[in-house]
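Residues per chain are reported as follows:
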Amino acid sequence: MSGPNYPNTRRRTRLDAQFDRIRSREEAGLAKSGGGSRAVKKFLNNRLALFGLIVFAIIILASVFAPLLTPYDPNKIDLRGMLQAPSWEHWFGTDRTGRDLFARVLYGGRISILVGLGSAILAAIIGVLIGVYTGYVGGWLDALAMRVSEIFMSFPQIILVLMLVSIMGQSLVNLMLIFTLTGWGGIYRMARARMLSLREEEYVLALRSFGLSRPLIAYKHMLPNALGPIMVNITLSTAAFILQEAGLSFLGLGVPLSIPTWGNILNVAQDIRVLQNNWWIWLPVGTVISLFVLSVNFIGDGLRDATDPSQQG
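Since the structure is predicted, the reported quantities are computational estimates derived from the model, not experimental observations.

1. A few points about the pattern of salt bridges
Following the criterion strictly, the structure yields 5 salt bridges and no others. In this structure, the salt-bridge partner of Asp95 is Arg99, at a minimum N-O distance of 2.9 Å. Between Arg147 and Glu150 there is a salt bridge, and its shortest N-O distance comes to 2.9 Å. One end of the pair is Arg147 and the other is Glu150, both in helix 6 (residues 139–153) and 3 residues apart, which spans about a single turn. Salt bridges linked by common partners bring Arg147, Glu150 and Arg189 together as one network.

This is the structure we're talking about:
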């Protein structure tokens, strides 16, 4: 203690000197703040998330630049080259009609990823638009949206998808619409729950006292604080929709067989003789599907850890 009766006898340490240097640099405007976001650094330090991001980028780029990686047409039939094993000419071999499987995997990735990622984004847009506003305003509108979501979520999703596919027919657009209609409920509930926890925060009450409109408060000021869980949900929905598309196409109920997708490539492996004797028809594309789904899940886990305030270090 310092004072007339308590002289300051505390000795300065090296830490005190270091703090003094930091303070003097800040006062002189020479101190530099750590560049980058803490969430980004935490994500990049997650090895599984970084591995998932690399695999995700490789598969995306390979699908986008497929014409540069293979000279074969994915739909060209070559009856003289049926069921050829992997070789330098056909890296993944050929199927029962002589089509190059490496080309089909690359071009099929475009459609499968479009279905999965596009459906997840559309479902997220619908779920967020409804959940953010109704969760903030509450009342009868919130109750109505909740009842509608419960109707969609009360059915097993795969059964509802099969029923809608049989009603609407097989097409790429129909499949994306069906996935969107059956997948928006989960992210709606997540967005709504987040709004319920945020609408009594002090900054929301202050904005309300200033007379700002409800949509402006909900979408501009509250939604950015809920983007972390929403981004995680989009990644998980993407993986789920890709697996559903592959399953439906394997059963012949997904994208029409004339369009190359990962599921349609697996469709030709229903024959038990193909499974036993021609492993290259299903193993490479099955491996690509597994790697892509795992990479998306790893990215989702990394985003969850990086954006969760309880795990910020």
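2. Details of unusual backbone geometry
Of note, Leu83 is a non-glycine position whose phi angle comes to about 50 degrees, a positive value. Tracing the sequence through the fold places Leu83 in the loop between helix 4 (66–69) and helix 5 (101–137).

3. Here we look at the packing of helix 3 (residues 47–64) against helix 14 (residues 283–307)
Two elements in contact, helix 3 and helix 14, have axes separated by 7 Å at closest approach and are oriented at 135 degrees. With respect to helix 14, the element helix 3 is oriented oblique. The hand of the helix 3/helix 14 crossing is left-handed. Residues Leu48, Ala49, Phe51, Gly52, Leu53, Val55, Phe56, Ile59 and Ile60 of helix 3 form the contact with helix 14, whose own contacting residues are Val288, Leu291, Phe292, Ser295, Val296, Phe298, Ile299 and Gly302. In the contact of helix 3 with helix 14, the residues fall into 14 nonpolar, 3 polar and no charged.

4. Some words on the packing of aromatic side chains
Under the definition given, this model contains 10 aromatic pairs. Ring geometry for Phe51 against Phe298: centres 6.4 Å apart, planes inclined by 55 degrees, an arrangement best described as tilted. Placement of Phe51 in helix 3 and of Phe298 in helix 14 is noted, with a sequence separation of 247 residues between them. When the centroid spacing of 6.5 Å and the interplanar angle of 10 degrees are considered together, the rings of Tyr133 and Tyr219 count as stacked. With Tyr133 in helix 5 and Tyr219 in helix 10 (residues 214–222), this pair connects stretches of sequence that are 86 residues apart. What makes Tyr133 partly exposed here is its relative accessible area of 23%. By way of ring pairs, the aromatic residues Phe56, Trp262 and Phe292 are connected into one cluster.

5. Notes on the environment of Leu141
Residue placement: Leu141 occurs in helix 6. On the basis of relative accessible area, Leu141 is assigned to the partly exposed category, the value being 28%. C-alpha separation for the pair Leu141 and Ile130, spaced 11 residues apart in sequence, amounts to 9.7 Å.

How each quantity is defined
Position labels on residues start from 1 in each chain and follow its written sequence. pLDDT decides what is reported in this predicted model: residues at 70 or higher carry local features, side-chain atom pairs at 80 or more are listed and counted, and totals for whole chains, interfaces and linings draw on all residues regardless. Excluding hydrogens and water, the side-chain values take into account all heavy atoms of the structure. Any Lys or Arg side-chain nitrogen found within 4 Å of a carboxyl oxygen on Asp or Glu counts as a salt bridge. Helix and strand definitions follow DSSP, with helices as H or I runs of at least four residues and strands as E runs of at least two, each counted in order from the N terminus. Lines are fitted to the C-alpha atoms to define the axes, a helix being fitted only along its stretch in contact, and any angle between axes, read from their N-to-C directions, falls within 0 to 180 degrees. Any angle from 65 to 115 degrees is called roughly perpendicular, while one under 35 is roughly parallel, one over 145 is roughly antiparallel, and all others are oblique. What makes a crossing left-handed is the near helix being turned counterclockwise from the far one by less than a right angle; a clockwise turn instead makes it right-handed. Here a residue-residue contact requires only that any non-hydrogen atoms of the pair lie within 4.5 Å. Gly falls in the polar group here, along with every residue not listed as nonpolar (Ala, Val, Leu, Ile, Met, Phe, Trp, Tyr, Cys, Pro) or charged (Asp, Glu, Lys, Arg). Ring pairs shown here join Phe, Tyr and Trp side chains whose ring centres sit within 6.5 Å, with only the six-membered ring taken for Trp; geometry is labelled stacked below 30 degrees between planes, edge-to-face above 60, and tilted in between. Exposed residues in this analysis have more than 50% of their type's maximum accessible area, buried residues have under 20%, and partly exposed residues fall in between, with area computed by a 1.4 Å probe over protein chains only.

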